[in-house]
Amino acid sequence: TDLVRIRAQAKKIGEANGVKVTYMPFIMKAVALCLERFPMLNGRLDEATEEIVQCTYSNLGIATDTPNGLIVPVIRDVQAKSVMQLAGELGELAQRTREGKVTREELTGSTFTITNAGNIGGTLATPIINHPDIAILGVHRLRKAPGVVEAPDGDRIEVRQFMNFSISVDHRLADGADGARMLAYLRTLLENPGLLAL
């Protein structure tokens, strides 16, 4: 719910600067922070050397729906960029991907992937891992529902904003429990979006 409010403010600032601000840049920034805490999910399997490669940077593959099917361009060094920078880069890269103008280099080198079924109304799914990544995050539809708000003077019910997330993990390379812990931390970050500035 707090993220919805902050995104509305960021959207106005973005519009004044010609940048479309969706929820995805916030999610990308949160994922980069999660991968710093859970590095076992950030990397790939190098089959040639039979080694697990863990990365200290976050190159996020963003699954993009195009007329030619799902294509996964990569935004590099997400951990070093602001939400507004990510919004601008994501918008430009997604447009070029849909137009078939993305380069081969922009389609390689991901260390983790995000797929978003929420923009087509999906509420929950099990995403398929983008080989050779270790894991993939599924983002689902934002919806309103009653929620309990804790307060010093007693709990109350309010209309709140909810979004489901799911994660698929290659169990040869990491444990599902690590994925579950990452989701819990992701929820903390997105429920308290001021933490994204840390």
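The rules behind the values
- Residues numbered from 1 in each chain as written.
- Predicted model: local features only at pLDDT ≥ 70, side-chain atom pairs only at ≥ 80, totals over all residues.
- Heavy atoms only, no water.
- Helix = DSSP H or I, 4+ residues; strand = E, 2+ residues; numbered from the N terminus.
- Contact = heavy atoms within 4.5 Å.
- Core = buried A, V, L, I, M, F, W, Y, C linked by side-chain atoms within 4.5 Å.
- Buried < 20%, exposed > 50% of the residue type's maximum accessible area, 1.4 Å probe, protein only.
- Disulfide = S-S within 2.5 Å.
- Expected span 1.5 Å × (residues − 1).
- Phe/Tyr/Trp six-rings, centres within 6.5 Å; stacked < 30°, edge-to-face > 60°.
- Lys NZ or Arg CZ within 6 Å of the ring centre and 35° of its normal.
- Axes fitted to C-alpha atoms, helices over the stretch in contact; angles between N-to-C directions.
- Parallel < 35°, antiparallel > 145°, perpendicular 65-115°, else oblique.
- Left-handed = near helix turned anticlockwise from the far one by under 90°.
- Nonpolar A, V, L, I, M, F, W, Y, C, P; charged D, E, K, R; others polar.

K.L.:
Please clarify how the side chain of Ser166 should be interpreted in this entry.
P.N.:
Turning to its location among the elements, Ser166 is positioned in strand β9 (residues 156–169). For Ser166, the contacting residues outside a window of four places in its chain are Leu124, Ala125, Pro127, Ile136, Leu137, Gly138, His140 and Leu183.

K.L.:
Would you take a moment to explain the nonpolar core for this structure?
P.N.:
Note that soluble globular proteins tend to have their nonpolar side chains buried in a common cluster. Of all hydrophobic cores here, the largest spans 45 residues; its most connected members are Met28, Val31, Leu41, Phe112 and Ile114. Among the elements of the structure, α1 (2–16), α2 (24–37), β3 (60–62), α3 (83–98), β7 (112–116), β8 (135–149), β9 and α4 (176–191) are those that each provide at least two residues to this core. Discounting chain neighbours no more than four positions away, the residues touching Met28 are Leu60, Ile62, Ile75, Val78, Leu86, Leu90 and Ile114.

K.L.:
Is there a simple way to explain the state of the cysteines in this structure?
P.N.:
Formally, a disulfide is one covalent bond, and it connects the sulfur atom of one cysteine to the sulfur atom of another. Applying the stated criterion across every chain, the model contains 0 disulfides. Cys34 carries a free sulfur, and the closest cysteine sulfur to it, the one in Cys55, is 16 Å from it. Taking the relative accessible area as the measure of exposure, Cys34 reaches 0% and is therefore buried.

K.L.:
When you look at α3 in this model, what are you seeing that I'm missing?
P.N.:
An α-helical turn contains 3.6 residues, so a residue and the one three or four places further along point in the same direction. Along its 16 residues, α3 runs 22 Å from first to last C-alpha, staying within 8% of the 22 Å computed at 1.5 Å per residue. On its buried face, α3 sits against α2, β3, β4 (64–66), β5 (69–71) and β6 (74–75). One or two residues past the end of α3 sits Gly100, with phi positive at roughly 75°.

K.L.:
Would you take a moment to explain the environment of Val4 for this structure?
P.N.:
Counting through the fold element by element, Val4 comes out in helix α1. Considered as a pair, Val4 and Ile75 are 71 residues apart in the sequence and their alpha carbons are 23 Å apart. Discounting residues that sit within four places of it in the chain, Val4 has contacts with Tyr23, Leu142 and Gln161.

K.L.:
Explain the packing of aromatic side chains to me, please; I cannot follow it from the model alone.
P.N.:
Two aromatic rings, taken as a pair, are described by how far apart their centres are and by the angle between their planes. Here the structure, examined in full by the defined rule, presents 0 aromatic pairs. The lysine or arginine in question, Arg7, covers the ring of Tyr23, its NZ or CZ lying 4.6 Å from the ring centre. Between the NZ or CZ atom of Arg37 and the centre of the ring of Tyr185, over which it lies, the distance is 3.8 Å.

K.L.:
What is the right way to read the packing of α2 against α3 from this model?
P.N.:
The packing of two helices is summarised by the inter-axis angle and the distance between the axes. Direction vectors running N to C along α2 and α3 enclose 120°, while the axes themselves pass 8 Å from each other. It follows from the interaxial angle that α2 and α3 lie oblique. α3 is crossed by α2, and the crossing has right-handed handedness. Residue-level inspection shows Met24, Pro25, Phe26, Met28 and Lys29 of α2 in contact with α3, the latter providing Val83, Leu86, Ala87 and Leu90. Class assignment for the residues of the contact of α2 with α3 results in 8 nonpolar, no polar and 1 charged.

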